[in-house]
Amino acid sequence: MLEKDERPESPEEMLRVIQEQSAATSKRLNGDPLLLYVPWGVAWLLGFTALFLHYGLDGRPYAPISQMQGVAVLLVAQMVAGAVAAVGIVRMNRLVRGDSSIRGAMYGYAWSAGMVLMVIIGTRLGPLLPPEENGLLWAGGMLTVVAVLHMVGGALWLSKPMFFTGAWVAAVNALGLLLGAGWHALLTAVLLGGGFIAVGIRWRFRS
Amino acid sequence: MTRDDSDGAALPELDPVIHAQARLRVVAALNVLRDGDELAFNSMRDLLGMTAGNLSVHLSKLEDAGYVRITKTHKGRTPATYAALTPRGRLAFEDYTKAIRALLDTAGGAP
């Protein structure tokens, strides 16, 4: 077996070996986009579609769904997405140790801190707002954390796709916040839910 | 970059430590890691599709050449081995890749 491995090959063959091995390794180390992006896309598509049907675009609901039911769909779907993403992250972390693991852990804590703060802000200020604005506070705040941390992640790992994903979330979130709860839910469901599903699938099968 | 055209197999400028498919794959995989990171032995075996014995032999050769740093440690009670390229190993891989590309260019066989 060793003898076969030792045999020198043609330069073409060796270059192919280098390219294939580098690509396969990057793919393994960067995690599976199907696990990291698609579940969030599905969660947002389901949750924000439910909320959109509740809000409607002109103040009249399109379906008999209460705000709490919409929020419940979103929360449950996000918990499933979080669990699936955790599997992807744990699988990634088993491979490597060193500076990257430390960087990844700090980045993970930044996510937790952002989300916890968002919950505190929403719990403290939400009840003071009308129901639609309250929903906007929660959804807009959460997506702000997602947008900023994706852009920061892009900077940490020098990943343009990650950075632009964050910028995309920021842009859609900003537009939705300006237009109101119904539009925010619609834009988030289609452009971010659908967008994350498309990005995850494309990323996985392109490289 | 000169090459002995009378004999296509003679490639004197290619680093013999890396110019073997299995070790080239080990080095190419480790080169993807960022500085300060180490790859776990078991995941490497998986990634490269090699047996533990085979991978150990190649890693020792690379370690002897000063291209790879091996760290043996414990994860709980089970022993764990990690590998990373040394700066010298990274340089050797870069030089090797350059040499291969140059050979392909002079041969007019670039893909």
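The rules behind the values
Residues numbered from 1 in each chain as written. Chains lettered and ligands numbered in written order. Predicted model: local features only at pLDDT ≥ 70, side-chain atom pairs only at ≥ 80, totals over all residues. Heavy atoms only, no water. Helix = DSSP H or I, 4+ residues; strand = E, 2+ residues; numbered from the N terminus. Buried < 20%, exposed > 50% of the residue type's maximum accessible area, 1.4 Å probe, protein only. Contact = heavy atoms within 4.5 Å. Areas by Shrake-Rupley, 256 points an atom, 1.4 Å probe, with all protein chains shown as cover. Lys, Arg positive; Asp, Glu negative; His and termini not counted. Charge placed at Lys NZ, Arg CZ, Asp CG, Glu CD. UniProt positions renumbered as here; feature names shortened; annotations may be inferred. Salt bridge = Lys/Arg side-chain N within 4 Å of Asp/Glu carboxyl O. pLDDT = per-residue confidence, 0-100. Phe/Tyr/Trp six-rings, centres within 6.5 Å; stacked < 30°, edge-to-face > 60°. Lys NZ or Arg CZ within 6 Å of the ring centre and 35° of its normal. Buried area = accessible area lost by both parts, 1.4 Å probe. Polar contact = N/O pair within 3.5 Å; in protein donor to acceptor, adjacent residues only side chain to side chain. Nonpolar A, V, L, I, M, F, W, Y, C, P; charged D, E, K, R; others polar. Pairing = 2+ DSSP bridges. Core = buried A, V, L, I, M, F, W, Y, C linked by side-chain atoms within 4.5 Å.

1. Observations concerning the overall build of chain A
1) Next: When helices and strands are counted, chain A shows 9 helices and 1 strand.
2) Next: Element order for chain A, N to C, with α for helix and β for strand: α-α-α-α-α-β-α-α-α-α.
3) Next: By residue count, 39% of the 207 residues in chain A fall in the buried class.
4) Next: A separation threshold of at least 6 residues defines the contact pool for chain A, and within that pool the share at least 24 residues apart is 69%.
5) Next: About 11300 Å² of surface is accessible on chain A, with carbon and sulfur atoms providing 72% of the total.
6) Next: The average position of the 15 basic charges and that of the 12 acidic charges among the side chains of chain A differ by 6 Å.

2. Let's talk about the UniProt feature "transmembrane region" (unreviewed entry) in chain A
All names here are of chain A.
1) Next: Within this numbering scheme, the UniProt entry marks residues 34-57, 69-92, 104-123, 135-157 and 185-205 as carrying the feature "transmembrane region" (unreviewed entry).
2) Next: Taken as a whole, residues 69-92 contains 100% helix and 0% strand, while its terminal C-alpha atoms sit 35 Å from one another.
3) Next: Between the end C-alpha atoms of residues 135-157 the distance is 33 Å, and the span holds 96% helix and 0% strand.

3. Re the UniProt feature "domain: Winged helix DNA-binding" (unreviewed entry) in chain B
1) Next: UniProt feature "domain: Winged helix DNA-binding" (unreviewed entry): in the numbering of this structure it lies at residues 23-103 of chain B.
2) Next: Across residues 23-103 of chain B one finds 58% helix and 25% strand; the C-alpha atoms that close the span lie 20 Å apart.

4. Observations regarding the pattern of salt bridges
1) Next: As enumerated under the stated definition, the model contains 7 salt bridges over all chains in all.
2) Next: A salt bridge links A:Arg60 to A:Asp58; the shortest N-O distance between them is 2.9 Å.
3) Next: You can call A:Arg60 exposed: its relative accessible area is 56%.
4) Next: A residue is classified by how much of its surface remains accessible, and A:Asp58, at 47% relative accessible area, is partly exposed.
5) Next: As a salt-bridge pair, A:Arg97 and B:Glu38 come within 2.6 Å of each other at their nearest N and O atoms. Of the two residues, A:Arg97 sits in strand S1 (residues 96-98) while B:Glu38 sits in strand S1 (residues 37-40), which places them in two different chains.
6) Next: Residue A:Arg97 is classed as partly exposed on the basis of its relative accessible area, which comes to 28%.

5. Looking at the confidence of the model for chain B
1) Next: Residues with a pLDDT of 70 or more make up 86% of chain B, whose mean pLDDT is 84.
2) Next: Mean pLDDT per element in chain B: helix H4 (residues 87-107) of chain B is the minimum at 89, and helix H3 (residues 52-64) of chain B is the maximum at 94.

6. What about the packing of aromatic side chains?
1) Next: Counted under the stated rule, the structure contains 8 aromatic pairs over all chains.
2) Next: Here A:Trp40 and A:Trp44 contribute two aromatic rings whose centre-to-centre distance is 6.2 Å and whose plane-to-plane angle is 50°, an arrangement assigned as tilted. You can see A:Trp40 and its partner A:Trp44 sitting in helix H4 (residues 38-55), 4 residues apart, about one turn around the helix.
3) Next: Summarising the aromatic geometry, the rings of A:Tyr107 and A:Trp111 are spaced 6.3 Å apart at their centres and angled 90° between planes, so their arrangement reads as edge-to-face. Taken together, the residues A:Tyr107 and A:Trp111, both in helix H6 (residues 99-125) and 4 residues apart, mark about one turn of the helix.
4) Next: Owing to a relative accessible area of 11%, A:Tyr107 belongs among the buried residues under this scheme.
5) Next: Of the aromatic side chains, those joined through ring pairs into one cluster are A:Tyr37, A:Trp40, A:Trp44, A:Phe196 and A:Trp203.
6) Next: In this structure, A:Arg97 is placed above the aromatic ring of B:Tyr82, and the distance from its NZ or CZ to the ring centre is 4.3 Å.

7. Some details on the interface of chain A and chain B
1) Next: Across the boundary between the two partners, chain A contributes 31 residues, which contact 39 residues of chain B.
2) Next: For the pairing of chain A and chain B, the buried interface totals around 3000 Å² over both sides, and the portion due to carbon and sulfur atoms is 60%.
3) Next: On the surface where chain A and chain B come into contact, there are 2 salt bridges.
4) Next: Run the count over chain A and chain B and you get 7 residue pairs in polar contact (both at pLDDT 80 or more).
5) Next: Of all elements in the fold, only helix H1 (2-6), helix H2 (11-29), S1 and H6 of chain A reach the threshold of two or more residues within the side of chain A that touches chain B.
6) Next: The element contributing the most residues to the side of chain A that touches chain B is H2(A), with 15 residues.
7) Next: Here the side of chain A that touches chain B is built from residues that sort into 13 nonpolar, 7 polar and 11 charged.
8) Next: Pairing geometry for S1(A) and S1(B), over 3 bridges, is antiparallel. Bridge pairing in S1(B) links A:Arg97 to B:Glu38.

8. Examining unusual backbone geometry
1) Next: The phi dihedral of A:Leu158 is positive, around 45°, even though this residue is not glycine.
2) Next: Positionally, A:Leu158 belongs in the loop between helix H7 (131-156) and helix H8 (160-179).

9. Describing the nonpolar core
1) Next: Counting 39 residues, the largest nonpolar core has B:Val26, B:Leu30, B:Leu39, B:Met44, B:Leu59 and B:Val68 as its most contacted members.
2) Next: Secondary structure elements with two or more residues in this core: H2 of chain A together with helix H1 (21-31), helix H2 (41-48), H3, strand S2 (68-75), strand S3 (78-85) and H4 of chain B.
3) Next: When near neighbours in sequence (up to four residues on either side) are disregarded, B:Met44 contacts B:Val26, B:Leu30, B:Leu39, B:Leu55, B:Leu59 and B:Ala83.
4) Next: With 27 residues, the next largest nonpolar core counts A:Phe52, A:Ala147, A:Met162 and A:Phe196 among its residues.

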